[in-house]
Amino acid sequence: MKGINEMAEFSYYGNTINIFTDASVVQKGSEYYTCGAAIAILGGNTDCPLKYSSRIFKATNNYGEIDAILLGILLALKLRNTFPHTRINLFSDSQISIYGLKEWLFMWARRMKDGYFYTSEGKPVANQEVFKKIIHLINYYDLDINFYHIRGHVERVGYNKAMKGFRASNGFQISIDVIRSICKMNTLVDNYSRNTLKEANLANYEALPTFYSYGFPEENRREYMRQFRRHINLRGE
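On a predicted model such as this, the values are computed, not experimentally measured, just so you know. (Residues numbered from 1 in each chain as written. Predicted model: local features only at pLDDT ≥ 70, side-chain atom pairs only at ≥ 80, totals over all residues. Heavy atoms only, no water.)

Chemist: What is the right way to look at the side chain of Asp93 in this model?
Modeler: In this structure, Asp93 sits in the loop between strand E4 (87-92) and helix H2 (95-110). Here Asp93 occupies a buried position and makes no salt bridge, while the nearest side chain of opposite charge, Arg194, is found at 7.8 Å. Within the structure, the side chain of Asp93 is placed 3.5 Å from the side chain of Asn186, a separation counted as a polar contact. If we skip the residues at most four places from it in the chain, Asp93 touches Thr21, Asp22, Glu65, His149, Ile150, Arg151, Gly152 and Asn186. (Helix = DSSP H or I, 4+ residues; strand = E, 2+ residues; numbered from the N terminus. Buried < 20%, exposed > 50% of the residue type's maximum accessible area, 1.4 Å probe, protein only. Lys, Arg positive; Asp, Glu negative; His and termini not counted. Salt bridge = Lys/Arg side-chain N within 4 Å of Asp/Glu carboxyl O. Polar contact = N/O pair within 3.5 Å; in protein donor to acceptor, adjacent residues only side chain to side chain. Contact = heavy atoms within 4.5 Å.)

What follows is the structure, encoded as structure tokens:
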């Protein structure tokens, strides 16, 4: 991933809040329903999660994945007050969401026109209002948080491939013990989203809510994105 901080100071255990997000999707007729979910733990305490959060929308799985990260941001803001001076990490197996936040977002912002992000093909970016809300919350509340992409469904590929995948996505190596803990939590949040969706009465869930633009400063977007970059510990412009 371009521009990623090598994170020599990477911390997982101890005084650290680790948040794991995922999403599941089901199809009913021609409609798709997705459940985004987030679970937070303190350090490597996988047996005693601090908080759970989930919600369901009539939407695609990609929407559920980025909305799950938004739920993770909201958990981080709550837990920061309870556990001040802690490092906060967020792990997601959604490559689109993590690469979007750590790399593509800055290119989208440069192409912003009339309040909308655009891809290199000139198409509006999908789910951009959720991305904008994440930027707004991180900047407005001065939230320092580290995003990491992880391999999902590790039970199918094994820990060694999960370690290689983490290095390829994030630019540095972590121990097998940390990988095991991360994979355990990734499976837990995946099951949580699946079970929540399975048990829900989907007839009660309709289209997506209307988001506001959260005052994304188009004219001052360069400094706004610099601020966001600092909060998520990225180097470069």
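From this point, the discussion proceeds with the structure in view.
Chemist: So what exactly am I meant to see when it comes to the pairing of strand E5 (residues 146-149) here?
Modeler: Side-chain direction in a regular strand flips from residue to residue, so the side chains alternate between the two faces of the sheet. Alternating residues of E5 divide into Asn146 and Tyr148 and Phe147 and His149, and every residue in both groups is buried. Direction of pairing for E4 relative to E5: parallel, over a ladder of four bridges. Residue Ser92 lies in a different strand from E5, and its bridge partner there is His149. (Pairing = 2+ DSSP bridges.)

Chemist: Please clarify how the nonpolar core should be interpreted in this entry.
Modeler: Residues Ile145 and Phe147 are the most contacted members of the largest nonpolar core, which totals 42 residues. Taken together, the elements giving at least two residues each to this core come down to strand E1 (16-28), strand E2 (31-42), helix H1 (61-82), E4, H2, helix H3 (128-140) and helix H7 (221-231). When residues of this core are assigned to their parent elements, the largest contribution, 10 residues, is made by H1. With sequence-adjacent residues up to four places away left out, Phe147 is seen in contact with Ile69, Ile73, Leu90, Ile98, Leu101, Lys102, Ile138, Asn170 and Ile232. Residues Phe91, Ile150, Val178 and Met185 belong to the second largest nonpolar core, which totals 21 residues. (Core = buried A, V, L, I, M, F, W, Y, C linked by side-chain atoms within 4.5 Å.)

Chemist: Sorry if this is basic, but what is going on with the layout of surface pockets here?
Modeler: In this approach the atoms are scanned with a rolling probe the size of a water molecule, which exposes any empty space left behind. Computed from the structure, the second largest pocket encloses a volume of approximately 160 Å³. If you trace the second largest pocket, you find it lined by Asn62, Ile66, Ile96, Ser97, Trp104, Trp108, Thr119, Val125, Ala126, Asn127 and Phe131. For the lining of the second largest pocket, the elements supplying multiple residues, two or more each, are H1 and H2. Ranked by residue count, the leading element in the lining of the second largest pocket is H2, at four residues. Broken down by class, the residue content of the lining of the second largest pocket amounts to seven nonpolar, four polar and no charged. (1 Å grid on protein atoms, 1.4 Å probe; cavity = no way out; pocket = protein on both sides within 12 Å on 5 of 7 lines; lining within 4 Å. Points joined across faces, edges and corners; volume = space filled by probe spheres on them. Nonpolar A, V, L, I, M, F, W, Y, C, P; charged D, E, K, R; others polar.)

Chemist: So what exactly am I meant to see when it comes to the packing of aromatic side chains here?
Modeler: Each aromatic ring pair is specified by the distance between its two centres and by the angle formed by the two planes. Across all of its chains, the model carries 17 aromatic pairs by this definition. Where Trp108 meets Phe131, the ring centres are 5.2 Å apart and the plane angle is 85 degrees; that geometry is what we call edge-to-face. Highlighted residues: Trp108 in helix H2 and Phe131 in helix H3, separated in sequence by 23 residues. Just as Trp108 is buried, Phe131 falls in that class too. (Phe/Tyr/Trp six-rings, centres within 6.5 Å; stacked < 30°, edge-to-face > 60°.)

Chemist: Looking at this structure, I do not really get helix H5 (residues 159-170). What am I missing?
Modeler: Owing to its 3.6 residues per turn, the α-helix brings residues three or four apart onto one side. Helix length check: H5 (12 residues) gives 16 Å between terminal C-alpha atoms against 16 Å at 1.5 Å per residue, within 8%. All of the buried residues along H5 are Ala162, Met163, Gly165, Phe166, Ser169 and Asn170. Considered in projection along H5, the buried side chains sweep an arc of 165 degrees and stay on one side of the axis. Pointing more than 90 degrees away from the buried face of H5 are the exposed residues Asn160, Lys164 and Ala168. Residues of H5 that are buried make contact with E4, H2, E5, helix H4 (154-157) and helix H6 (176-199). Directly after H5, the chain includes Gly171, whose backbone phi takes a positive value near 90 degrees. (Expected span 1.5 Å × (residues − 1). Arc of directions from axis to C-beta.)

Chemist: What's the story with the confidence of the model for the chain in this structure? I'm lost.
Modeler: When pLDDT drops low, the exact placement of atoms in the prediction is not to be read closely. Looking at the chain, the pLDDT average stands at 89 and 91% of residues meet or exceed 70. Mean pLDDT per element in the chain: H4 is the minimum at 73, and E4 is the maximum at 97. Throughout residues 2-8 the model reports pLDDT below 50, and contacts reaching past four residues in sequence, or to other chains, amount to 22 contacts. (pLDDT = per-residue confidence, 0-100.)

Chemist: Hey, could you run me through the sheet that holds E4 in this one?
Modeler: Paired through backbone hydrogen bonds, the strands of a sheet run either parallel or antiparallel to each other. Strand order in this open sheet of five strands is E3-E2-E1-E4-E5, and the pairing throughout is mixed. The sheet is open, and its two edges are formed by strand E3 (51-57) and E5, each paired on a single side. Within the sheet, the average angular offset between the axes of one strand and its neighbour, ignoring direction, is 20 degrees. Docked against the sheet, H2 engages E4 and E5, running at close to 140 degrees with respect to E5. Its contacts with the sheet place H6 against E1, E2, E3 and E4, and it is angled at close to 40 degrees to E1. (Axes fitted to C-alpha atoms, helices over the stretch in contact; angles between N-to-C directions.)

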